[in-house]
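# Understanding the architecture of this molecule
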Amino acid sequence: MATQEVEFAQVSFTVEGGRQLLSDISLTVEAGTTTALLGRSGSGKTTLLRTVNALVRPTSGRVLVGGQDVAEADVIALRRGIGYVIQEAGLFPHMSVERNVGMALELAGKPKTEIAARAAEMLRWVGLPEDVAKRQPWQLSGGQRQRVGLARALASDPKVLLMDEPFGALDPLTRAEIRAMVRELLEVAVKTTLIVTHDLDEALYLADRVVLLEAGRIVADLAAGDVLESTNDAMRAYVAATWRGDAA
Amino acid sequence: MREFLHQYGAQIARLTFEHVWLTASAMLFAAAIGLPLGILLTRKQGLARPVLAVANVLQTIPSLALFGLLLPVPFLGDRAARLAIVALTGYALLPILRNTYTGIRGVDPVLVDVSNALGMSDLQRLVKVELPLAASVILAGLRTATVTCVGVATIAAAVGAGGLGELIFRGVASVDNGLVLAGAIPAALLALCADGVLGLVEKRLAVRR
């Protein structure tokens with residue numbers, strides 16, 4: 001039986017004022033798979049993602065990571081085991097690229113030489129030249145910054161990887177390059193990955209499974225290969241509205 | 001001019017030293033209170049409004065009145081310098097407190113999120129991310145406070161705490177403009193120097209994005 005790395009059990013989230021962002025979400029993500037959370041802006045996909053590393057605490061229901069309830073976990077230890085990649089990377093502007101990439105190790109109290117070596121290794125992994133390590137984030141292009149963000153998320157070798165619109169701020173060409181790199185990375189380093197996107201093409205390119213959200217509910221949950229032929233109304237509507245053919 | 005300096009030079013030097021001492025002591029106290037308190041306010045949001053309001057009111061009390069009001073306070077009233085330092089600390093507090101608070105609050109929430117997601121403790125986030133990114137704003141507060149302090153410290157002479165205000169008050173009393181300038185010019189130069197030096201440090205601390 002495959003292990004269930006991330007599990008959502010009847011997760012709901014209501015903000016102050018009563019607006020419900022997530023309604024009764026139940027979903028099991030098996031270890032080593034990549035699941036795309038697809039949906040339009042405001043569908044709750046980012047909020048759902050952020051319950052996994054406890055940046056959002058559900059109002060009701062449970063989120064389990066590696067079988068442990070997030071609500072009961074030591075939140076710092078939990079987060080150190082989860083990689084988090086966001087749009088525009090969110091690099092620390094006052095730190096060198098190397099320090100950004102090595103931050104997870106720095107927090108774990110690893111010696112400087114080990115951190116530098118790991119950072120260099122990670123930068124190679126994401127296809128950046130060695131001399132980037134000593135630069136500051138402002139000296140990099142958007143694509144390079146996003147690669148650094150990815151390197152930072154992977155440096156502690158987390159089991160779970162969360163990606164929130166990781167390619168959203170990039171031009172189409174850079175986007176395609178980095179997407180291809182991510183796909184390769186995920187094939188080599190097996191992670192349980194959740195990726196939030198509104199881009200169907202991206203979801204199909206990267207994920208094994210596509211979960212469609214609408215107004216805080218799961219309206220479709222399909223293997224990636226079944227999406228285009230799906231008879232599910234919501235998915236058919238999403239495909240019809242956004243699919244422009246196999247661009248990948 | 002030469003004669004004037006000959007007559008007052010030693011006095012100007014001594015009073016300048018006193019002035020610097022009053023200002024520096026007050027700044028030290030204000031920073032020791034304002035920085036941690038400002039940080040605390042970012043952690044306890046509910047306290048921020050009332051505490052900043054109190055500091056704001058403190059700032060609006062006319063300095064001469066504040067010195068006068070503190071005069072009968074036991075312990076403080078005993079020594080003029082002690083009283084002056086306490087009053088100056090009060091004036092320096094608001095800019096330091098406010099800039100520390102707004103500087104930290106002004107850190108990009110995305111970076112706060114990322115810090116948390118990386119598994120930073122509150123203290124690690126403060127030291128590694130928030131303080132370095134807020135540093136130039138915090139320093140701007142220290143700079144404003146210092147310049148204010150140098151200015152207000154001239155009033156301290158009114159309660160006998162010394163400083164360059166002494167020359168100004170004596171000059172005013174004896175209608176001697178030379179004496180007024182002998183106090184005012186060094187005081188202005190002190191303020192400009194402090195402003196310039198701290199301005200340079202502030203620039204160095206600014207983070208390029």
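The sections below set out a description of the structure shown in this document. (Residues numbered from 1 in each chain as written. Chains lettered and ligands numbered in written order. Predicted model: local features only at pLDDT ≥ 70, side-chain atom pairs only at ≥ 80, totals over all residues.)

### So, the overall build of chain A
The helix and strand inventory of chain A stands at nine helices and ten strands. Relative to the globule expectation of 18 Å for 248 residues, the C-alpha radius of gyration of chain A, 18 Å, shows essentially globular dimensions. The C-alpha extent of chain A, read off along each of the three principal axes, is 55 × 45 × 40 Å. Each of the 248 residues in chain A was classed as buried or not, and the buried ones make up 45%. The contacts of chain A with a sequence gap of at least 6 include a subset with a gap of at least 24, amounting to 68%. (Helix = DSSP H or I, 4+ residues; strand = E, 2+ residues; numbered from the N terminus. Rg over C-alpha atoms; globule rule 2.2 N^0.38 Å. Buried ≥ 20, exposed ≤ 12 C-beta atoms within 10 Å, placed from the backbone. Contact = placed C-beta atoms within 7 Å.)

### Quick word on the pairing of strand β8 (residues 192-197) of chain A
All names here are of chain A. Counting buried positions over the six residues of β8 gives six, a clear majority of the element. Relative to β8, strand β7 (residues 160-164) is paired through five bridges, and the arrangement is parallel. Considered in β8, the bridge of Leu 161 is made with Thr 193. A crossover links β7 with its parallel partner β8, the connecting element being helix α7 (residues 172-188), and its sense is right-handed. (Pairing = 2+ DSSP bridges. Right-handed = clockwise from strand over helix to strand, strands pointing away.)

### Focus: unusual backbone geometry
Residues and elements named next belong to chain A. Here Asp 24, not a glycine, exhibits a phi torsion of approximately 50°, which is positive. Tracing the sequence through the fold places Asp 24 in strand β2 (residues 20-30). Of note, Ala 215 is a non-glycine position whose phi angle comes to about 45°, a positive value. Positionally, Ala 215 belongs in the loop between β9 (209-214) and β10 (217-223). Given 14 C-beta atoms within 10 Å, Ala 215 falls into the partly exposed group.

### Focus on the interface of chain B and chain A
Opposite the 17 residues of chain B that make contact, chain A presents 16 residues. When residues of the side of chain B that touches chain A are traced back to their parent elements, those giving at least two are α5 (109-117) and α6 (122-152) of chain B. Tallying contributions element by element places α5(B) first for the side of chain B that touches chain A, with six residues. For the side of chain B that touches chain A, the class distribution of residues is ten nonpolar, four polar and three charged. (Nonpolar A, V, L, I, M, F, W, Y, C, P; charged D, E, K, R; others polar.)

### Section: the environment of Glu114(A)
Residues and elements named next belong to chain A. Relative to the helices and strands, Glu 114 is located in helix α5 (residues 112-125). On the basis of neighbour counts, which here come to 12 C-beta atoms within 10 Å, the residue Glu 114 falls in the exposed class. The spatial distance from the C-alpha of Glu 114 to the C-alpha of Gly 102 is 9.2 Å, given a sequence separation of twelve residues.

### Notes on the sheet that holds β8(A)
Residues and elements named next belong to chain A. Ordered by their spatial adjacency, six strands build an open sheet running β6-β7-β8-β3-β9-β10, and the pairing between neighbours is mixed. Each edge of the open sheet carries a strand with a single partner, namely β6 (82-86) and β10. When strand polarity is set aside, the average angle formed by the axes of neighbouring strands in this sheet is 15°. Bridge count for β9 against β10 is six bridges, and the pairing is antiparallel. Within β10, the position partnered with Arg 209 by the bridge is Ala 223. (Axes fitted to C-alpha atoms, helices over the stretch in contact; angles between N-to-C directions.)

### Here we look at the pairing of β6(A)
Remember that side chains alternate between the two faces of the sheet whenever the strand is regular. Residue and element names in this part refer to chain A. Most of β6 is tucked away, with five of its five residues classed as buried. Judged by which residues are buried, β6 turns out to be covered on both faces: Ile 82, Tyr 84 and Ile 86 on one side and Gly 83 and Val 85 on the other are all buried. Across five bridges, β6 lies against β7 in parallel orientation. Bridged to Gly 83 within β7 is Leu 161.

### Here's the deal with the packing of helix α7 (residues 165-173) of chain B against helix α8 (residues 177-205) of chain B
All names here are of chain B. Following both chains from N to C, one finds α7 and α8 inclined at 165°, their axes separated by 7 Å at the closest point. On the basis of the axis angle, α7 is roughly antiparallel to α8. Handedness of the α7/α8 crossing: left-handed. When α7 is examined against α8, the residues Gly 165, Glu 166, Leu 167, Ile 168, Arg 170, Gly 171 and Val 172 are found in contact with a partner set consisting of Asn 177, Leu 179, Val 180, Ala 182, Gly 183 and Ala 184. Among the residues forming the contact of α7 with α8, the class breakdown is seven nonpolar, four polar and two charged. (Parallel < 35°, antiparallel > 145°, perpendicular 65-115°, else oblique. Left-handed = near helix turned anticlockwise from the far one by under 90°.)

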